[in-house]
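This is what each chain is made of:
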Amino acid sequence: MSRTPVSLLALPALFAVMPCEASGRDGSDAAAARDAPAPVPPRSASTETDDEIVVTAERYGEAKVAAESEFSEEEIAGQGTDSIQDLLTRLAPFIDGSGEAPIILINGKPAGFDRSILFYPAEALDRLAVLKPEAAAQYGYAPGKRVVNLVLKKSYSSLNVDAGVNWATAGGQYGGNLSAGRVAISGPVRWNVNARLGRDSALRKDARNIPRPATPFDRVGYVAGIDGGEIDPALSAAAGRLVVVAAIPMGAAPSAPALADFAGTADETHAADPHAFDTLQSARRSSTLSLGVTRPVGGFTASLSLNASRNSSRGLRGLPMASVVVPAGSPWSPFAGDVLLIRPFAGDRPLRNDNSSESLGGSLTLNGVIGGWQTSLGLNYVRSWGENLFETGIDIARVQGLIDAGDVAFNPYGAWDDSLLLGNRTRTKSENLSGRLQLQKAVTDLPAGPLNASFAVNASRGSSESRQSGMRGEPFVIDTARAQLDGRLALTVPVSRRGKSEIGPLGDMTVDVSIGGQAMSSSPLQTQFGGGINWSPVSRVQLRGSIDHAKTAPSFDQLDAPIETRVIRIFDYARGEVAEPVSLTGGNPDLGRGSRQSLALNATVRPFDDQTLSLTVEYRQTIAKGGIASFPELTPVIEAAFPERVTRDAAGRLVAVDARAINIARETDTGLNSGIALRLPALGAAARAAPGPDPLQFSVSLNHRWRLKSELLTRPGVPVIDQLADSGQSRHNLSLQITAGKRGIGASFNGNWASAATVSNADRRFRFKPPLTFNLSMFVEPGRLTGQSGEGGLTKDLKLSFDIQNLFNGYRRITLDDGSTPPGYTRDEIDPLGRTVRVTFRKRF
């Protein structure tokens, strides 16, 4: 915890320049006052030698645990991000190299379930602090998780309107978004409202160079002779030539066509491009509304947030074609013999794969002190609805049966009812009520500092109802309800403290231990325990070791999430071709319990004893037994391990994949992570408060992940799968981020690289060469650059942002041993979207 010493002799000068409540929208008036040089009274010789009384004051918004690193207002401005959520994403390499989302504090207090803070503009922050590793245990979370303290400005007000457009540079896909947000902060009181609309068009196959299927597609339909022969000699005579194909006549819909009608359409077809009715990426729409308010209530601070969202996607699965036999003698056939009828279901109407979801939620968080315990109580309620429509094709057997029965009410050439389609529709609704209580207190003072205890309890209850039906409405209902309770007790024990009660050369050392348990409906208690040591022998070196052991149980979503079916595009290694199977995702009620043991050793070195340069290396090992894992990429070894999850037709073609979560017998992952972080200029608080122009902020992060071991045992008695040797997983991953900017202008450049990998089947080896991908983001505020930020006009408080994803249009290349590219792995088939560009205009009022 940082405290700022203030000399009593300087207090008059300090109060002389201290601003009142900021009147500007973002506290700019206050910032100008801070930048003004403070008058310092002359000091006599006697004053120079007199003893001074020093007062220490806690910094506003400071957490109970000291910061490991801090990002000032100037550094945040140099990032050019629009929201706190975007800022956390941009700073992720400096927070936690693993990419795991951090725990959030707001002004030193747990955010709880309140996520409205993520919609605040980044300019609302006074600073962002990454706390020391022991902070998670002290706030009642699992040891080792990183904690970020968001310190807001004492006074801030803004109204922002954002409009953005995005598109793929290869064409075929575009989108846009519009959002508006209002934020106001006045000391401990704050409120915000944010609304956002987004839309992205579908990317159809005909927009890319993808091979067409050999099967014929027709917009209208036609009759043909059996086995490609003559339809009927009488029809050939009427047409004056041999007729093997004749389009369905226009008058065939209301009544049975005559032979002369088909003579007029002899040799006619209406070919269709099947790729015009099939999407590589569904069209998407989204809308969100978020409101939040925080204010003191007695001795507590209360935060209330409400949110609502709606998301939908519309995908196309191709033009459904039917091939049926119209027998001789049918009331709908003028021909002497059987003919083959080939037609679409309903003109240009494609098969659909539509998904939609709506949710409505609210949360209440209370922070305060009860009996000396820092207390945080949170309640959260979410209700959601979802619908999934998945059409698979035409019910050919039923159509053929109606024709064979000679049903005069069924016209094989006319409009067909949707009941003749195959597919399913799933409607779900669910609700979840959860609560969290956190208690934290320094229970006693030890020579090296206070002994801190924290206790956290989480309780939740969820229920869901799923109604599945075919296209003819056969219902199948599944109702589930589950409750869960878990708790954790943690102690942080200071062993040695540099300069206070140091034990020999130990320097700073703390030990944290935790024990907890989890119980779920129809499941016994799951225990967990862990511990860690934080040791800083010298101020430039920070060492940490932790171990965690927990019995695990599946979550609500893993057990009861709504079942969704959608078509995915993957490479079938068994047949060496691209397949488009049905993928089944959602909850798996058959999941069982397991255990997980983790070990982590971390070392951080700061050679200059500040934030300028940080060197980090970390060893991690995780062993899961009987645990839960996501279904991996379907490779030959995975299919051999989970044959019940893969469905093939009589010809061996891949039809469906059950991609729900799985239980595994044992999974071992071992890795070595390392990173370098450089930040310039690394200015102290005094330097940042000095007058002068905003300095250019420059930062670089380079992170390397080396997977030493990754083995998967699916069930006892089968061979262990080495996922690094033959499952397409890379052993090395490298990420780079470079940011340079200041108020008004800046840019960020990041890139990712992964080492080559291989996948083998019985007779071929596929070599994967992941792309070296780069992304570029830039922003500019014209008003600041021209010196008109304080004047009216269009450029006042206007920011333009320009983002390019996949700058050099890279993609994951796959080749065989001879260097050739296998079918299905052309550039457009692997990554059809390619490079995308986004331009955003942001105006503050």
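Residues numbered from 1 in each chain as written. Predicted model: local features only at pLDDT ≥ 70, side-chain atom pairs only at ≥ 80, totals over all residues. Heavy atoms only, no water.

Considering the overall build of the protein chain
Here is step 1 of the chain: For the protein chain, the count of helices and strands is 16 helices and 47 strands.
Here is step 2 of the chain: By its C-alpha atoms, the protein chain is 125 × 70 × 60 Å across when sized along the principal axes.
Here is step 3 of the chain: For the protein chain, the share of sequence-separated contacts (at least 6 apart) that also reach a separation of at least 24 residues comes to 71%.
Here is step 4 of the chain: Total accessible area computed for the protein chain in this model is approximately 39400 Å², and 59% of it derives from carbon and sulfur atoms.
Here is step 5 of the chain: Of note, the protein chain has its 89 positive side-chain charges centred 5 Å away from the centre of its 87 negative side-chain charges. (Helix = DSSP H or I, 4+ residues; strand = E, 2+ residues; numbered from the N terminus. Contact = heavy atoms within 4.5 Å. Areas by Shrake-Rupley, 256 points an atom, 1.4 Å probe, with all protein chains shown as cover. Lys, Arg positive; Asp, Glu negative; His and termini not counted. Charge placed at Lys NZ, Arg CZ, Asp CG, Glu CD.)

Notes on the packing of aromatic side chains
Here is step 1 of the chain: One pass over the structure, following the stated rule, counts 13 aromatic pairs.
Here is step 2 of the chain: Ring geometry for Y573 and F766: centres 5.1 Å apart, planes at 75°, overall edge-to-face. Residue Y573 is located in the loop between β28 (570-572) and β29 (577-579), and its partner F766 is located in strand β43 (residues 765-769); the two are separated by 193 residues in the primary sequence.
Here is step 3 of the chain: Y573 sits in the buried class, given a relative accessible area of 3%.
Here is step 4 of the chain: Grouping aromatic residues by their ring pairs yields a cluster made of F571, Y573, F766, F768 and Y825.
Here is step 5 of the chain: For R679, the ring lying beneath its charged end belongs to F71, and the centroid distance is 3.8 Å.
Here is step 6 of the chain: Against the face of F845 rests K843, its NZ or CZ located 5.9 Å from the ring centre. (Phe/Tyr/Trp six-rings, centres within 6.5 Å; stacked < 30°, edge-to-face > 60°. Buried < 20%, exposed > 50% of the residue type's maximum accessible area, 1.4 Å probe, protein only. Lys NZ or Arg CZ within 6 Å of the ring centre and 35° of its normal.)

Re unusual backbone geometry
Most peptide bonds are trans, and most residues other than glycine sit at a negative phi.
Here is step 1 of the chain: In this structure, D267 is a non-glycine residue whose phi angle is positive, near 65°.
Here is step 2 of the chain: Note that D267 resides in the loop between α9 (259-263) and β14 (279-281).
Here is step 3 of the chain: In this model, N809 sits at a positive phi of 55°, which is unusual for a non-glycine residue.
Here is step 4 of the chain: Structurally, N809 is set in the loop between β45 (798-805) and β46 (813-815).

Quick look at the confidence of the model for the protein chain
Here is step 1 of the chain: Taken over all residues, the pLDDT of the protein chain has a mean of 86, while the share at 70 or more is 90%.
Here is step 2 of the chain: Across residues 1-50 the pLDDT falls below 50, and counting only partners more than four positions away or on other chains, this stretch makes 65 contacts in the model.
Here is step 3 of the chain: Confidence drops under pLDDT 50 across residues 683-687; counting only partners more than four residues distant or on other chains, this segment forms two contacts. (pLDDT = per-residue confidence, 0-100.)

Topic: the side chain of E618
Here is step 1 of the chain: Tracing the backbone shows E618 in strand β32 (residues 613-625).
Here is step 2 of the chain: According to the relative accessible area criterion, E618 is buried, its value standing at 14%.
Here is step 3 of the chain: Separated by 3.2 Å, the side chains of E618 and R620 make a polar contact. (Polar contact = N/O pair within 3.5 Å; in protein donor to acceptor, adjacent residues only side chain to side chain.)

Re the nonpolar core
Here is step 1 of the chain: If you look at the biggest cluster of nonpolar residues, it comprises 28 residues, and the most contacted ones within it are V223, I231, L235, V399, Y413 and W416.
Here is step 2 of the chain: Those elements that place two or more of their residues in this core are α8 (233-239), α9, β17 (321-326), β18 (339-344) and α10 (396-404).
Here is step 3 of the chain: In terms of residues, this core owes the most to one element, β17, which gives three residues.
Here is step 4 of the chain: Apart from residues no more than four positions distant in its own chain, V223 is found in contact with I231, V244, V245, A246, F262, F335, L340, L341 and Y413. (Core = buried A, V, L, I, M, F, W, Y, C linked by side-chain atoms within 4.5 Å.)

Description of the pairing of β45
Here is step 1 of the chain: Across five bridges, the pairing between strand β44 (residues 773-780) and β45 is antiparallel. Looking at the pairing, S777 lines up with D803 of β45.
Here is step 2 of the chain: Both β45 and strand β47 (residues 836-844) contribute to a ladder of eight bridges, which runs antiparallel. Among the inter-strand pairings, L800 is bridged to a residue of β47, identified as F841. (Pairing = 2+ DSSP bridges.)

A word on the pattern of salt bridges
Here is step 1 of the chain: Evaluated as defined, the whole model comprises 45 salt bridges.
Here is step 2 of the chain: The salt bridge partner of D273 is R212, with a shortest N-O separation of 2.9 Å. Residue D273 is located in the loop between α9 and β14, and its partner R212 is located in the loop between β11 (203-204) and β12 (222-225); the two are separated by 61 residues in the primary sequence.
Here is step 3 of the chain: With a relative accessible area of 26%, D273 lands in the partly exposed category.
Here is step 4 of the chain: Owing to a relative accessible area of 42%, R212 belongs among the partly exposed residues under this scheme.
Here is step 5 of the chain: E711 is the partner of K709 in a salt bridge, and the nearest nitrogen-oxygen pair spans 3.9 Å.
Here is step 6 of the chain: In the salt-bridge network here, residues are joined through shared partners; they are R59, E62, E70, D126 and R127. (Salt bridge = Lys/Arg side-chain N within 4 Å of Asp/Glu carboxyl O.)

Some points on the side chain of Q438
Here is step 1 of the chain: Assignment of secondary structure puts Q438 in strand β21 (residues 421-446).
Here is step 2 of the chain: The class for Q438 is buried, based on a relative accessible area of 5%.
Here is step 3 of the chain: At 2.5 Å, the side chain of Q438 and the backbone oxygen of Y139 are in polar contact.
Here is step 4 of the chain: Setting aside chain neighbours within four positions, we find Q438 in contact with P110, Y139, Y141, Q374, T375, S376, F455 and A456.

Examining the sheet that holds strand β6 (residues 125-131)
Here is step 1 of the chain: Read from one edge of the open sheet, five strands run β3-β6-β7-β4-β5, paired in mixed fashion. Across the chains shown, the open sheet's two edge strands, defined by having one partner strand only, are β3 (67-72) and β5 (109-110).
Here is step 2 of the chain: Where strand β4 (residues 103-106) lies against β5, two bridges are found, and the strand directions are antiparallel. Counterpart to L105 in the pairing with β5 is P110.

A few points about the pairing of strand β38 (residues 697-713)
Regular strands have side chains that alternate between both faces of the sheet.
Here is step 1 of the chain: Where strand β37 (residues 666-680) meets β38, 15 bridges bridge the pair, whose relative direction is antiparallel. Within β38, the position partnered with L672 by the bridge is W706.
Here is step 2 of the chain: Where β38 and strand β40 (residues 732-742) come together, ten bridges link them in antiparallel fashion. Residue V700 lies in a different strand from β40, and its bridge partner there is I738.
Here is step 3 of the chain: Note that β38 and strand β39 (residues 721-722) share two bridges and pair antiparallel. When the sheet's bridge partners are listed, L712 is paired in β39 with I721.

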